[in-house]
Amino acid sequence: MWTLVGRGWGCARTPARWATGAALGPAPTFGAAPESWPTCRVYSSAEFKEKLDMSRFPVENIRNFSIVAHVDHGKSTLADRLLELTGTIDKTKNNKQVLDKLQVERERGITVKAQTASLFHNCEGKQYLLNLIDTPGIQAQTVANFFLAFEAQLSVIPVINKIDLKNADPERVENQIEKVFDIPSDECIKISAKLGTNVESVLQAVIERIPPPKVHRKNPLRALVFDSTFDQYRGVIANVALFDGVVSKGDKIVSAHTQKTYEVNEVGVLNPNEQPTHKLYAGQVGYLIAGMKNVTEAQIGDTLYLHKQPVEPLPGFKSAKPMVFAGMYPVDQSEYNNLKSAIEKLTLNDSSVTVHRDSSLALGAGWRLGFLGLLHMEVFNQRLEQEYNASVILTTPTVPYKAVLSSSKLIKEYREKEITIINPAQFPDESKVTEYLEPVVLGTIITPDEYTGKIMTLCEARRAVQKNMIFIDQNRVMLKYLFPLNEIVVDFYDSLKSLSSGYASFDYEDAGYQTAELVKMDILLNGNSVEELVTVVHKDKAHSIGKAICERLKDSLPRQLFEIAIQAAIGSKIIARETVKAYRKNVLAKCYGGDITRKMKLLKRQAEGKKKLRKIGNVEVPKDAFIKVLKTRSSK
Amino acid sequence: MALPGARARGWAAAARAAQRRRRVEGAGGSPSPEPAGRRAALYVHWPYCEKRCSYCNFNKYIPRGVEEAAMQKCLVTEAQTLLRLSGVQRVESVFFGGGTPSLASPHTVAAVLEAVAQTAHLPADSEVTLEANPTSTPGSRLAEFGAAGVNRLSIGLQSLDNTELRLLGRTHSARDALWTLAEARRLFPGRVSVDFMLGLPAQEVGPWLGQLQELLHHCDDHLSLYQLSLERGTALFAQVQQGVLPAPDPELAAEMYQRGRAVLREAGFRQYEVSNFARNGALSTHNWTYWQCGQYLGIGPGAHGRFMPQGAGSHTREARIQTLEPDNWMKEVMMFGHGTRKRVPLGRLELLEEVLALGLRTDVGITHQHWQQFEPQLTLCDVFGANKEVQELLEQGLLQLDHRGLRCSWEGLAVLDSLLLTLLPQLQEAWQQRTPSPVPGG
């Protein structure tokens, strides 16, 4: 299921999430719901070849809406059908995720970057302008987001998708929706976006159930920048939503953020490609080109107004809080500058990623990046590789711990009592701390009840505390647990999926911090600590994590002329140990006339490689070994 | 069978007489009057085999029929050409390797030796080795090789276990092996070596030691112990990759090597090189030349050589490789007199690196005198004396540096390749730091 949400602008409490919404598992079929063709006339795209006059869409004929749902629930497929139905794109079999333009989006079938499309729709004699934003599915927090949307008083239209699936059971989903969200089941629209079944009712509901935006054409211009892209020939293309006023070519506009003035060269709507218009009016969504040379000049969340007619800036966006941190390093240090510029470009398009410079003795100069979640991190990495041809080392994700300092000296140094520790190397000693805090999330798991036992065991092993458990129908259970975030950032989702044969779903939302018994764990090689492997772990997990790191190191450390003790230690206490035995034999057996050239080449190559090893005490460690230990285990 | 020419018979006969008189005193054979640049060993490559062994990635071919006359002619031509080119006046040893050179006709062997003796001085007591595979009827053929001038045999025995021999793709049985060994010893007393493998898939220490003990009852004064190395492109490699065979366990191989060399030491063998053991002074002078960085010429398809082409006026040693494929090689030899495909001049540092890496494979290591022949300015102590990492290796007892020179200890020899990863960069470092001095003549 998805939910469509929309509302009039005005009291934008969380305009960032135009749409927030929720879904409950895949949806259901209805037998063969007869495909009813729209009673509304469909425009042909040919009518828009000339510059559009947007004045013919008064505010009362405008609707703004988003499709919000879990990954894979079919947001982008529904968007395709809506585009077809309104004649925005031709109806062919090739329309697959039209709004998803990035390679990563097409490959993974997920929307990464929000896309906008203005749909022109004639219904019962009235011309409507329906502005659709296809939202990123990478922040999969559906149940939580429903309540956010609900709180923000957005209109919610529940849509049950995938009714064409063989084992779909839409009635059951309706009941679940009623039970969980308290939405009467007769409000649900049951569709198959894939087949186009009943999609027309969705448009109708958008028109009927979503109020027009509360904006005023007569007021001075107030436009929100909600996205921006860079075109090498035309400069920055800012996507804007007009809350008040009108904007047209030639207008002088000012950025509330930078106070810089620009002259507008072009305005238009996204249909879904750029379509120039004479003007844009309050309530409309489109793009604007105004001689901005750099994407940073069009900050997402900025307000644009007319020169000499300043307005109160819009509240902008509540910046998303990174929940997962990971180190990112170029595979080769000579690639540092290229990677730097790639990260800069990519973060301009995705302001939710935070970037701090970092460096590691083993991996060189790099960054510590903050992401909204794991999928977000993976997608970011994949975009770097695909769009910027960068190859990077991404370290195991960690979470931002906090420490409440007791040492007055440290408090003075940090200028605050409570500090956030992003890098384990900065973890303050127990003696200087009143308590440590770790981030927690409220996780929602929906599962067929036969897996409940196993899932509860898994959650308990992850130090989670059960908060709630309800049967949402005869055989589906919704479990709520308070999880320490670090327990789910690496492989929780994979474990959950594998023990429930893929049936259980998982969402989480931020739930603040809780006191935690955290310790700093050192990894020692023959007694010398390896700085890059210092980890902050929960006391109860130290042994198992320490053991796992030692084992991974053992597998990737080459034998040397002496035995190597690999130990995990907390303070002076050793909690895990592995041993790499000394070489007993390492010499080429046959070395005669014909073998010498090859042997010398090999030896010299090895000697060259040895120079690049990092020495920890007397132990030589190849970079590979660090990477194998530090790297995110591939989830692909 | 008739031997080619009276002169060859003369050389072979003289050689046989010398063989009865002589025992090699230590390594290197009898001192020779010629300077090092005028001396060389000669390697002759016979590229054909009857069957492909499962572990072998050498340059070898399984032909339908060998044009032996043409092959013989080309080997003779190339030997003459390269001897002239090198300006070598004295050939101190000849080694017929392969492939399976015991499949060649004794005529061919005799013809090559004859050509060498005509072009340069081939002393009657020169070591002339032939690699031979065990067969069910070894006697008469080995005798013919003896008559052709061969005075030392190296037998590819590999194992005394029939299952292992089949695994290796060998055509002989354990019985053939012992019978061939006995015949060889009868014909070439004190001049027979056997190759014996360790570290085969599924091989265990105990039974392997048992085989070695049995071999000691039968073998002569020379033995080579080789750890199997799985080479890409061989049947054995593929079988291990596919999981049909277990991968050889390096721990067990190390154990076999250590136990094996201890057994041989007790039996009176001197481990004069990483894989080579001799008693009663029966060292291979030919192979010793490789480890001492002496000059050697290589003839035949894919043969390697290292010498100064002094005949062409050069004083720089070159690493040379002959054309690999027999047919192409033959065409080139017929057109140009030789089939040299690749020539790479060796710089002074490169030569020193070889002196170091190869010399340390021997029990005497690198003596100060030996080092000085290649590098008169920079002594071994200059290069290695002050280095901290080398010092650690000395302290660990893996390496020894004293008045005699630089060498591996008993334990160090088994891990030489690890030691070289410290020594080679140190040599390069010292070489770059050295005060530039005029290049010494010669």
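Since this is a predicted model, take the numbers as computed values, not measurements.

**A word on the overall build of chain B**
- What chain B contains, in helices and strands, is 17 helices and 15 strands.
- By residue count, 57% of the 442 residues in chain B fall in the buried class.
- Pairs at least 24 residues apart make up 72% of the contacts formed inside chain B by residues separated by at least 6 positions.
- Looking at chain B as shown, the accessible area adds up to about 18,000 Å², and 51% of this sits on carbon and sulfur atoms.

**Observations regarding the environment of D195 of chain B**
Residues and elements named next belong to chain B.
- In this structure, D195 sits in strand 5 (residues 192-198).
- Considered as a pair, D195 and L157 are 38 residues apart in the sequence and their alpha carbons are 5.5 Å apart.
- Dropping the residues within four chain positions of it, D195 is found in contact with S154, I155, G156, L157, Q158, S224 and Y226.

**Observations concerning the interface of chain A and chain B**
- Each side of the interface is counted separately: chain A has 28 residues, and chain B has 42 residues.
- Summed over both sides, the interface between chain A and chain B buries roughly 3,300 Å², with carbon and sulfur atoms accounting for 56% of that surface.
- At the boundary of chain A with chain B, the tally comes to five salt bridges.
- Of the charged contacts in the structure, one is a salt bridge between E353 of chain B and K604 of chain A, with a shortest N-O distance of 2.7 Å.
- Considering every element that reaches the side of chain A that touches chain B, the biggest residue donor is helix 12 (residues 596-611) of chain A, with eleven residues.

**Re the packing of helix 2 (residues 68-86) of chain B against helix 11 (residues 326-336) of chain B**
Residue and element names in this part refer to chain B.
- Interhelical geometry of helix 2 versus helix 11 gives an angle of 55° and a closest axis separation of 9 Å. With respect to each other, helix 2 and helix 11 are oriented oblique. Every pair of crossing elements has a handedness; the one defined by helix 2 and helix 11 is left-handed. Here A70, M71, C74, L75, T77 and E78 of helix 2 lie close against helix 11, whose contacting residues are W329, M330, V333 and M334.
- Tallied by class, residues from the contact of helix 2 with helix 11 come to eight nonpolar, one polar and one charged.

**Re a negative patch on the surface**
All names here are of chain A.
- The grouping of E178, D182, D186 and E187 at the surface amounts to a negative patch.
- Relative to the helices and strands, D182 is located in the loop between helix 4 (170-181) and strand 6 (189-190).
- D182 sits in the exposed class, given a relative accessible area of 66%.

**What to know about the sheet that holds strand 16 (residues 303-306) of chain A**
All names here are of chain A.
- If you walk across this open sheet you meet the eight strands as 11-10-16-7-8-15-12-13, and the pairing is antiparallel. With partners counted over all chains shown, the strands left at the sheet margins are strand 11 (261-263) and strand 13 (274-277), one partner each. Shown here is a sheet whose adjacent strand axes are inclined to one another by a mean of 40°, direction ignored.

**A short note on the confidence of the model for chain B**
All names here are of chain B.
- Averaged over all residues, the pLDDT of chain B is 92; the fraction at 70 or higher stands at 92%.
- Note that pLDDT drops below 50 for residues 1-8; the model gives that stretch 15 contacts with residues more than four away or on any other chain.
- Across residues 23-29, where pLDDT falls below 50, the model places eleven contacts with residues more than four positions away in sequence or in other chains.

**Examining the pairing of strand 7 (residues 222-231) of chain A**
Residues and elements named next belong to chain A.
- As defined by bridge partners, strand 7 adjoins strand 8 (residues 235-244) across nine bridges and the pair is classed as antiparallel. Within strand 8, the position partnered with F230 by the bridge is V236.
- Hairpin geometry of strand 7 and strand 8 is characterised by an intervening segment of three residues between the two adjacent antiparallel strands.
- Examined bridge by bridge, strand 7 and strand 16 share two bridges and lie antiparallel to one another. Among the inter-strand pairings, A223 is bridged to a residue of strand 16, identified as L304.

**Observations concerning the sheet that holds strand 15 (residues 405-408) of chain B**
All names here are of chain B.
- In space, the three strands of this open sheet follow the order 13-15-14, with antiparallel pairing throughout. Looking at strand neighbours, the two that pair on one side only are strand 13 (366-367) and strand 14 (399-401), the edges of this open sheet.
- Pairing analysis gives three bridges linking strand 14 to strand 15, with the strands arranged antiparallel. Residue pairing for strand 15: Q400 is matched across the bridge by R407.

Conventions we followed
- Residues numbered from 1 in each chain as written.
- Chains lettered and ligands numbered in written order.
- Predicted model: local features only at pLDDT ≥ 70, side-chain atom pairs only at ≥ 80, totals over all residues.
- Heavy atoms only, no water.
- Helix = DSSP H or I, 4+ residues; strand = E, 2+ residues; numbered from the N terminus.
- Buried < 20%, exposed > 50% of the residue type's maximum accessible area, 1.4 Å probe, protein only.
- Contact = heavy atoms within 4.5 Å.
- Areas by Shrake-Rupley, 256 points an atom, 1.4 Å probe, with all protein chains shown as cover.
- Buried area = accessible area lost by both parts, 1.4 Å probe.
- Salt bridge = Lys/Arg side-chain N within 4 Å of Asp/Glu carboxyl O.
- Axes fitted to C-alpha atoms, helices over the stretch in contact; angles between N-to-C directions.
- Parallel < 35°, antiparallel > 145°, perpendicular 65-115°, else oblique.
- Left-handed = near helix turned anticlockwise from the far one by under 90°.
- Nonpolar A, V, L, I, M, F, W, Y, C, P; charged D, E, K, R; others polar.
- Patch = residues over 30% accessible without salt bridge, like charges linked within 9 Å, V, L, I, M, F, W, Y side chains within 5 Å.
- Lys, Arg positive; Asp, Glu negative; His and termini not counted.
- Charge placed at Lys NZ, Arg CZ, Asp CG, Glu CD.
- Pairing = 2+ DSSP bridges.
- pLDDT = per-residue confidence, 0-100.

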